[in-house]
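Per-entry structural report
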Amino acid sequence: MPLAPITIPRREPSEHDVQIEILFCGICHSDLHTVRNEWGGTVYPCVPGHEIVGRVTKVGSAVTKFKPGDLAAVGCMVDSDGSCPECQAAVEQFCPNMTGTYNSPDRHLGSVTYGGYSDSIVVKEHFVLQVPPNLNLAGAAPLLCAGITTYSPLRHWGVTKGKKVGVVGLGGLGHMAVKFAHALGAHVVVFTTSPNKKEDALRLGADDVVISRDADQMKQHASSFDFILDAVSAEHDINAYIQLLRRDGNITLVGAPPKPLVVSAFGLLLGRRSLSGSPIGGIAETQEMLDFCSKHDITADVEVIPIQKVNEAYDRLLKSDVKYRFSIDMASLKSK
Ligand code: NAP
Ligand code: ZN
């Protein structure tokens, strides 16, 4: 079923809330997985969108970081319990009571939360990020998911100058990973199924590009990577990448294909290699990432679209035809 306009409720801001007029919202492949119920658990109607940039229109009496007129951003989370060990460690993404920006039980209005493909949103201050003023807003929106989801594991796994880093899949997440790994000083190799993305990969900061369907090109990189980030949205052979890790190398999945991946034990045990996953990032780390982007002049490469083209954009995502993130200009919601 295609996406279509509906009217949704938003709460009045309470004392700790910030009300935001949404200016841009990125399209994440997770939106598509959810809208099409590929992971299961989608509640309809579903309003996706967790890459939100906008302007503050109203704040509650206890809000201190924002005032009306300020730029503000919201990512994949809008609430958590604030008291569990994960929240205390500033990794709210692991809180058992975390509320996702959409398709998550809504503590205030019942039903589920509704995301950023909308004209406004009301969010608890702790989950609202500050947008550095030098960032282009359409290109900044995707930082709130594609940005933090790639920045966090690159930092966690110690990607720095001198490391050889692979990025698998040059989509929304992958192209952010290339920019970050390059800015962190790593030697970056992109693995793509799309030969026509080669020039772009180099421009985005890759030192080398491998067409992953070419077994000979793959072999040339055997046992050489310190770290590989896999940002592929569909079924693929991960063993081919495990073989490219050096001793004690790690491959981290950020891509979330609906079907399980097959992993050969030998690829991991010969070389003591490891396989991990990583979801988004905490609020403090998201702010750190935005500030890193401000300093290094990093935003997503976006194709700005009106909301009326959202279904077409989803079809293109499925064909890997995205350069490299769709960002919806939310002003288009007002036009028919
Ligand atoms: P995207 O923009 O659609 O990019 C996915 C890329 O994967 C494509 O551009 C393509 O790159 C590659 N690909 C697609 N189908 C493939 C196939 N059959 N075989 C091999 N490669 C294929 O998606 P995205 O928004 O970056 O999201 C990527 C994945 O990350 C999704 O599953 C999404 O749900 C997930 N995600 C996870 C988190 C998290 O917290 N961990 C956060 C956000 C998104 P090439 O053309 O270069 O091959
Ligand atoms: Zn996302």
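Our subject in this report is the structure included herewith. (Residues numbered from 1 in each chain as written. Chains lettered and ligands numbered in written order. Predicted model: local features only at pLDDT ≥ 70, side-chain atom pairs only at ≥ 80, totals over all residues. Heavy atoms only, no water.)

A short note on the sheet that holds strand S11 (residues 245-253)
In spatial order, the strands read S9-S8-S7-S10-S11-S12; together these six strands make up an open sheet with parallel pairing. This sheet does not close on itself; its edge strands, each paired only once, are strand S9 (208-211) and strand S12 (274-277). On average, each strand axis in the sheet is tilted by 20° relative to the strand beside it, whichever way the strands run. Bridge count for strand S7 (residues 164-168) against strand S8 (residues 187-192) is five bridges, and the pairing is parallel. Note that in S8 the partner of Gly166 across the bridge is Val189. (Pairing = 2+ DSSP bridges. Helix = DSSP H or I, 4+ residues; strand = E, 2+ residues; numbered from the N terminus. Axes fitted to C-alpha atoms, helices over the stretch in contact; angles between N-to-C directions.)

Focus on the coordination of the zinc ion (ligand 2)
Here the zinc ion (ligand 2) is held by Cys28 (SG), His50 (NE2) and Cys145 (SG), and the distances to it run 2.0 to 2.2 Å. Donor residues binding the zinc ion (ligand 2) come from one chain and are separated in sequence as C-x21-H-x94-C. Within this pair, whereas His50 is found in the loop between helix H1 (29-35) and strand S2 (52-59), its partner Cys145 is found in the loop between helix H3 (137-140) and helix H4 (146-156), the two being separated by 95 residues in sequence. Looking at Cys145, the relative accessible area reads 5%, which means it is buried. (Donors = N, O, S within 2.8 Å, 3.2 Å for Na, K, Ca; no water. Buried < 20%, exposed > 50% of the residue type's maximum accessible area, 1.4 Å probe, protein only.)

Considering helix H10 (residues 283-296)
Taking 1.5 Å per residue, 14 residues should reach 20 Å; H10 reaches 20 Å between its end C-alpha atoms and fits that length. Burial in H10 covers these residues: Ile283, Thr286, Gln287, Met289, Leu290, Phe292 and Cys293. Next to the buried residues of H10 lie strand S4 (77-79), H4 and helix H5 (172-183). (Expected span 1.5 Å × (residues − 1). Contact = heavy atoms within 4.5 Å.)

A word on the environment of Asp297
With respect to the helices, strands and loops of the structure, Asp297 is situated in the loop between H10 and strand S13 (302-306). Sequence separation between Asp297 and Asn97 is 200 residues; the distance between their C-alpha atoms is 35 Å.

Some remarks on the packing of aromatic side chains
In total, this model carries six aromatic pairs according to the counting rule given. Residues Tyr151 and Phe180 carry aromatic rings whose centres are separated by 5.4 Å and whose planes lie at 70° to one another, so their mutual orientation is edge-to-face. Of the two residues, Tyr151 sits in helix H4 while Phe180 sits in helix H5, which places them 29 residues apart along the sequence. A relative accessible area of 0% means that Phe180 is categorised as buried. (Phe/Tyr/Trp six-rings, centres within 6.5 Å; stacked < 30°, edge-to-face > 60°.)

Let's talk about the pairing of S7
The buried fraction of S7 is high, at five of five residues. Every second residue of S7 is oriented toward a common face, with Lys164, Gly166 and Val168 on one face and Val165 and Val167 on the other, all of them buried. Between the parallel pair S7 and S8, the chain is carried across by H5, and the sense of this crossover is right-handed. (Right-handed = clockwise from strand over helix to strand, strands pointing away.)

What about the pattern of salt bridges?
In the structure shown here, the tally under the stated rule is 19 salt bridges. A network of salt bridges, in which partner residues are shared, links Lys179, Asp200, Arg203, Asp301 and Lys323. (Salt bridge = Lys/Arg side-chain N within 4 Å of Asp/Glu carboxyl O.)

Side note on the packing of H4 against H5
The interhelical angle for the contact between H4 and H5, taken along N-to-C directions, is 50°, at an axis separation of 8 Å. Considered as vectors, H4 and H5 are oriented oblique to each other. The handedness of the crossing between H4 and H5 comes out as right-handed. Facing Ala146, Gly147, Thr149, Thr150, Tyr151 and Leu154 of H4, the residues of H5 in contact are Gly172, Leu173, Met176, Ala177, Phe180 and Ala181. Classifying every residue of the contact of H4 with H5 by side-chain character gives eight nonpolar, four polar and no charged. (Parallel < 35°, antiparallel > 145°, perpendicular 65-115°, else oblique. Left-handed = near helix turned anticlockwise from the far one by under 90°. Nonpolar A, V, L, I, M, F, W, Y, C, P; charged D, E, K, R; others polar.)

Details of the side chain of Gln287
Mapping Gln287 onto the fold places it in helix H10. The exposure class assigned to Gln287 is buried, which follows from its relative accessible area of 18%. Discounting chain neighbours no more than four positions away, the residues touching Gln287 are Leu129 and Gln130.

Digging into empty space enclosed by the protein
Applying the stated criterion across every chain yields a total of two cavities of 30 Å³ or more. In terms of lining, the largest cavity is formed by 17 residues, of which the most central are Arg11, Val78, Asp106, Thr113 and Val122. The set of elements that each furnish at least two residues to the lining of the largest cavity consists of S4 and strand S6 (120-124). Split into classes, the residues belonging to the lining of the largest cavity amount to eight nonpolar, four polar and five charged. Every residue along the wall of the second largest cavity is listed here: Gly75, Cys76, Met77, Phe127, Leu129, Leu144, Ile148, Ile280, Gly281, Ile283 and Thr286. (1 Å grid on protein atoms, 1.4 Å probe; cavity = no way out; pocket = protein on both sides within 12 Å on 5 of 7 lines; lining within 4 Å. Points joined across faces, edges and corners; volume = space filled by probe spheres on them.)

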